[in-house]
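# Coordinate inspection notes
This is what each chain is made of:
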Amino acid sequence: MGDRERIAIRINGIVQGVGFRPFIFNLALEHGLTGWVTNDSAGVLIEVEGSGSKLNAFLKDIKLKAPPLAHIVSIKSWSIDPIGDNEFIIRASDRSEKVKTLISPDMALCEDCYREMMDPQDRRYLYPFINCTNCGPRFTIIEEMPYDRLYTTMREFIMCPECQREYDDPKNRRFHAQPNACPVCGPEVWLTDRTGKRVDERSSLDYGLVDEVAATYELCEKVKGDKSIGLLPEWVRPIFQLKTELKKGKIAAVKGLGGYHLVCDALNREAVQNLRKRKYRPDKPLAVMMPNLDVVRRYCQVSSEEEKLLISPVRPIVLLKWKAKGYDGITLEVAPAQSRLGVMLPYTPLHYLLFDESLPVLVMTSGNISGEPIIYDDQEAVERLGDIVDYFLVHNRRIVRPCDDSVQRVDNSPVMIRRSRGYAPIPLRLPAVKEPILACGGEMNNIFALAEKGLVFMSQHIGDLKTKNSLYHYRRMIDEMVKLFEIEPEIVVHDLHPEYISTKFALKKYKDKRLIGVQHHHAHIASCMAEHGLDGQVIGLAFDGTGYGTDGKIWGGEILIASPEKFERWAHLKYLPLPGGDKGVKEPWRIGVAYLLKALPDADWLQELPFWYSLKDEINMLKTIIEKGIKVPETSSMGRLFDAVAAILGIRTRISYEGQAAIELEELAGEELGEPYPFIVEDDSPPFVINPLPIISAIIRDLRAGKKAYKIARRFHGTVVEMALNLCIKIRQELGLQRVVMSGGVFQNRLLSLGLKKCLEGEGFEVFQHCQVPTNDGGLALGQVYVASQCILKKEDTFG
Ligand SMILES: [Zn+2]
Ligand SMILES: [Zn+2]
Ligand SMILES: [Zn+2]
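Residues numbered from 1 in each chain as written. Chains lettered and ligands numbered in written order. Predicted model: local features only at pLDDT ≥ 70, side-chain atom pairs only at ≥ 80, totals over all residues. Heavy atoms only, no water.

### Here's the deal with the overall build of the protein
Within the protein, the regular secondary structure consists of 25 helices and 31 strands. A compact globule built from 800 residues would reach a C-alpha radius of gyration of about 28 Å, and the protein, at 28 Å, matches this within 12%. For the C-alpha atoms alone, the extent of the protein along its principal axes is close to 90 × 65 × 45 Å. By the burial criterion, 62% of the 800 residues in the protein qualify as buried. Across the protein, the fraction of contacts at a sequence separation of at least 24, relative to all contacts at a separation of at least 6, is 73%. Total accessible area computed for the protein in this model is approximately 30500 Å², and 50% of it derives from carbon and sulfur atoms. For the protein, the distance from the average site of its 103 positive side-chain charges to the average site of its 107 negative ones is 1 Å. (Helix = DSSP H or I, 4+ residues; strand = E, 2+ residues; numbered from the N terminus. Rg over C-alpha atoms; globule rule 2.2 N^0.38 Å. Buried < 20%, exposed > 50% of the residue type's maximum accessible area, 1.4 Å probe, protein only. Contact = heavy atoms within 4.5 Å. Areas by Shrake-Rupley, 256 points an atom, 1.4 Å probe, with all protein chains shown as cover. Lys, Arg positive; Asp, Glu negative; His and termini not counted. Charge placed at Lys NZ, Arg CZ, Asp CG, Glu CD.)

### A look at the nonpolar core
Leu 541, Phe 543, Ile 559, Trp 612 and Leu 760 are the most contacted members of the largest nonpolar core, which has 73 residues in total. Here this core gets 11 residues from one element, more than from any other, and that element is helix H23 (residues 709–735). Membership of the second largest hydrophobic core comes to 57 residues, among which are Ile 11, Ile 14, Ala 28 and Ile 46. (Core = buried A, V, L, I, M, F, W, Y, C linked by side-chain atoms within 4.5 Å.)

### What to know about the coordination of the zinc ion (ligand 1)
Protein-derived ligands of the zinc ion (ligand 1) are Cys 110 (SG), Cys 113 (SG), Cys 132 (SG) and Cys 135 (SG), with the metal-ligand distances lying across 2.3 Å. With 4 donor atoms in place around the zinc ion (ligand 1) and angles of 104 to 116° between them, the coordination shape is tetrahedral. Counting residues between consecutive donors of the zinc ion (ligand 1) along the chain gives the motif C-x2-C-x18-C-x2-C. Of the two residues, Cys 113 sits in helix H3 (residues 111–117) while Cys 135 sits in the loop between H3 and helix H4 (161–168), which places them 22 residues apart along the sequence. Of the two residues examined, Cys 113 and Cys 135, each falls in the buried class. (Donors = N, O, S within 2.8 Å, 3.2 Å for Na, K, Ca; no water. Tetrahedral: all angles 85-135°; square planar, octahedral: opposite > 155°, others 65-115°.)

### What to know about the coordination of the zinc ion (ligand 3)
Here the zinc ion (ligand 3) is held by the protein donor atoms His 520 (NE2), His 524 (NE2), Asp 544 (OD) and Asp 777 (OD), which lie 2.1 to 2.2 Å from it. One can describe the donor arrangement at the zinc ion (ligand 3) as irregular, given that its 4 donor atoms subtend angles of 88 to 165° at the metal. Between consecutive donor residues of the zinc ion (ligand 3), the sequence gaps follow H-x3-H-x19-D-x232-D. You can see His 524 sitting in helix H15 (residues 520–531) and its partner Asp 544 sitting in strand E23 (residues 538–548), a full 20 residues away along the chain. Each member of the pair, His 524 together with Asp 544, is buried.

### Re the packing of helix H20 (residues 638–648) against helix H21 (residues 660–669)
For any two helices packed against each other, one specifies the crossing angle of their axes together with the interaxial distance. The geometry of H20 relative to H21 is characterised by a closest axis approach of 8 Å and an angle of 65° between their N-to-C directions. The element H20 and its partner H21 pack so that their crossing is left-handed. Where H20 approaches H21, its residues Phe 642, Asp 643, Val 645 and Ala 646 are matched on the opposing element by Ala 661, Ala 662 and Leu 665. Residue composition of the contact of H20 with H21, grouped by class: 6 nonpolar, no polar and 1 charged. (Axes fitted to C-alpha atoms, helices over the stretch in contact; angles between N-to-C directions. Left-handed = near helix turned anticlockwise from the far one by under 90°. Nonpolar A, V, L, I, M, F, W, Y, C, P; charged D, E, K, R; others polar.)

### Points about the UniProt feature "domain: Acylphosphatase-like" (unreviewed entry) in the protein
Per the UniProt record, "domain: Acylphosphatase-like" (unreviewed entry) is found at residues 6–92. Structurally, residues 6–92 is divided into 29% helix and 43% strand, and its ends, taken at the C-alpha atoms, are 21 Å apart. (UniProt positions renumbered as here; feature names shortened; annotations may be inferred.)

### Things to note about the side chain of Thr 331
Mapped onto the fold, Thr 331 is located in the loop between strand E11 (317–322) and strand E12 (340–344). A residue is classified by how much of its surface remains accessible, and Thr 331, at 5% relative accessible area, is buried. Apart from the residues lying within four places of it in its own chain, the contact partners of Thr 331 are Ala 266, Leu 267, Asn 268, Arg 269, Val 272 and Trp 322.

### Points about the packing of aromatic side chains
All chains considered together, the criterion is met by 13 aromatic pairs. With a centroid separation of 6.3 Å and an interplanar angle of 65°, the aromatic rings of Phe 25 and Phe 88 are classed as edge-to-face. You can see Phe 25 sitting in helix H1 (residues 20–30) and its partner Phe 88 sitting in strand E5 (residues 88–90), a full 63 residues away along the chain. Side by side, Phe 25 and Phe 88 carry an identical accessibility label, which is buried. Above the face of the Trp 36 ring, Arg 91 is positioned so that its terminal group lies 4.1 Å from the ring centre. The residue whose ring lies beneath Arg 732 is Phe 765, and the NZ or CZ to ring-centre distance is 3.9 Å. (Phe/Tyr/Trp six-rings, centres within 6.5 Å; stacked < 30°, edge-to-face > 60°. Lys NZ or Arg CZ within 6 Å of the ring centre and 35° of its normal.)

### Things to note about the pattern of salt bridges
The tally for this structure, following the rule as stated, stands at 52 salt bridges. Here Glu 166 makes a salt bridge to Arg 174, at a shortest N to O gap of 3.9 Å. For Glu 166, a relative accessible area of 12% puts it in the buried group. Under the relative-accessibility criterion, Arg 174 is labelled buried at 2%. Among the charged side chains, a network of salt bridges with common partners joins Glu 116, Arg 123, Arg 124, Glu 162, Glu 166, Arg 173 and Arg 174. (Salt bridge = Lys/Arg side-chain N within 4 Å of Asp/Glu carboxyl O.)

### Focus on the sheet that holds strand E22 (residues 514–518)
The strand order across the open sheet formed by 6 strands is E17-E20-E19-E18-E21-E22, and the pairing between neighbours is mixed. Every other strand in the sheet has two partners, leaving strand E17 (428–429) and E22 as the edge strands with one partner each. One ladder, built from 3 bridges, connects strand E18 (residues 437–439) with strand E21 (residues 491–495); its direction is parallel. When the bridges of E21 are listed, Ala 439 appears paired with Val 493. Along the sheet, helix H13 (residues 468–485) contacts E18, strand E19 (449–452) and strand E20 (455–458); its crossing angle with E20, the most-contacted strand, is approximately 140°. Most of the contacts of helix H14 (residues 501–509) go to E21, to which it runs at about 150°, and overall it touches E21 and E22. (Pairing = 2+ DSSP bridges.)

### Structural notes on the sheet that holds strand E4 (residues 71–80)
Reading across from one edge, E4-E1-E3-E2-E5 is the order of the 5 strands in this open sheet, with mixed pairing throughout. Because the sheet does not close on itself, it has two edges, and the strands there are E4 and E5. When strand polarity is set aside, the average angle formed by the axes of neighbouring strands in this sheet is 15°. In this structure, strand E2 (residues 34–40) lies alongside strand E3 (residues 43–50), joined through 7 bridges in antiparallel fashion. Note that in E3 the partner of Asn 39 across the bridge is Val 44. Sitting on the sheet, helix H2 (residues 52–65) touches strand E1 (5–14), E3 and E4, and the angle it makes with E1 is about 5°.

### Considerations on H20
Of all 11 residues that make up H20, 11 are buried, and the element is covered over most of its length. Those residues of H20 lying buried are Met 638, Gly 639, Arg 640, Leu 641, Phe 642, Asp 643, Ala 644, Val 645, Ala 646, Ala 647 and Ile 648.

Rendered as structure tokens:
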């Protein structure tokens, strides 16, 4: 035993439920080491014994060869006394200790499982719940930690002997795969009508012959000519029955990984129109699912970077350039007035089984009531989606918490639009964080965050908190995550807006904790700084829709000198009365009128803008209100300036979803910036006021001269770029700052953010944009955490 050494190794990160112990087991065998591995409260603990050189090689391999879903945060090792054991074993998890470990997100079906599912000889042939240690549900089925079948919703299914054998065999790729299942012992699907009454006809119906199976994608090659495999397995028949109905134009709610999707044939115009009508969603684009990259390439332009994202185990919705836009089979109703289509590939086995050659593209949109989280409870689905759908495809693997699809797009590199399934709850690193912090986020696109010891756990997408139901989920998710991650917040951060539901919630529920209020746009900029590990002062461009300012007004066109602990408002758009408050947001013509009244008070622009004529009476009423000086909130919002221009160009006078007018204005401009319009920077000392009225006058002049709307849209985008660039140069001259950080909802505008970045870099600035969290309010919580942690560190209470 002489030269034998023994070391203990502690690994933190996402190392449970991702095949880490079998990986260690096999690695130890490979290196001829003895000892044991176990999951415990903090991750994975290992003791190994053998020669020093073998131990070193073993340690190196852990980092090099870790399983695909593992996410190692730290590895520590230290020497202990050898005990001379003669085998390597996997020890059962210890439940007696307090649990504190990271949870894996849900991951898409892996290739090995896909192959098995499509193999007629395999016992899981066409089984919609096939999974292994490298794939399948995690975050959405875990009730408690540690991650063990007993503490997931899979405990309701007792494994059959064959599954149990796989589960117990360290050499099997399903060793300790907690959701392991097969048609004999695992979850099943069935079909119901809109009232929840079961309608599938399992064995009696004569459908689903081999030809139908053969039509399933990629199975074609294998099965063609081989008619010997007989009827479809019983367990997949409800899915094929649903497919027959989808082909007739019916609408279904399909239970997936993190909740229900509303599904219909994207090539069937009537079906999509029906879905829109029943869901009261006239314009907002619907995401689609396609079975594989070949089909995606048929309809969309896809770069290699976009392909990589589409097939990654996260399987986000990726916004892709739509090639023929409504002239290729996919009905225009899927995404009216858009040049991009939100596309994802199947991520559960069940999804794969929904497609075939005559059903190549499915609308796959969250089954929710507008703005609320995706519905995941079977009873609630029937109650709330029953009026929208004809069928429900249900299964009996319970979902513990809802998780919406993530949404991304690729500019130069991937950009996050919604960070949810596949990402949550992977933590982001932020070394500044010490004490436990809860950041409550904003009100729209809410994501909250729990942070401690250098890690920030962003929640999945919660949505807009304005409805009772979302608020209920918000509170529940916070309580749940506090429990799951065992982070009891000592500091609670909220937005400054006194009317935000998240603010009211924080002030009421956590009144005994240390509360820190962070200004909305400061949080935006700090969020982007946190992503890039920046501290010190930066130029912060916060171009946004709505955010509460320290003067009680609505901010949103802000140029800040910001550091994580404080900010100075260096410049902003000139205040404009926002007639009708929130109503003005939904009816951009009101902002248009407010701007026109200031820019051209005497002109009869009502005559010149024919598309406004139907609004004549309302406009005159509004004019009276503004002229009388009746008190209305004032705003410096950049988002509203975009709305005003969209309204003046006749693109949108009313909107049906957030940001619609600005999005359509960008669509109109296409990919080019135009020559800037004039604007004025007023006052000699900060905060400088940027007066955009000359822009409005110039636009009207262009309209009078018969200039095309798309040209005006390009010039307007060029103006905003010029405006930001000018002020950054001015700041650099005065303060010597080089780094520019861009954040806020307006930067979802690709033309603006790419164009501005290019110009700034051309002038020698260092430019930082969001990539891991959204630039909209979905990224706010990260910034709130950063500001709060710095305030505590530097003992400054900015706005608390
Ligand atoms: Zn798998
Ligand atoms: Zn089984
Ligand atoms: Zn915002």
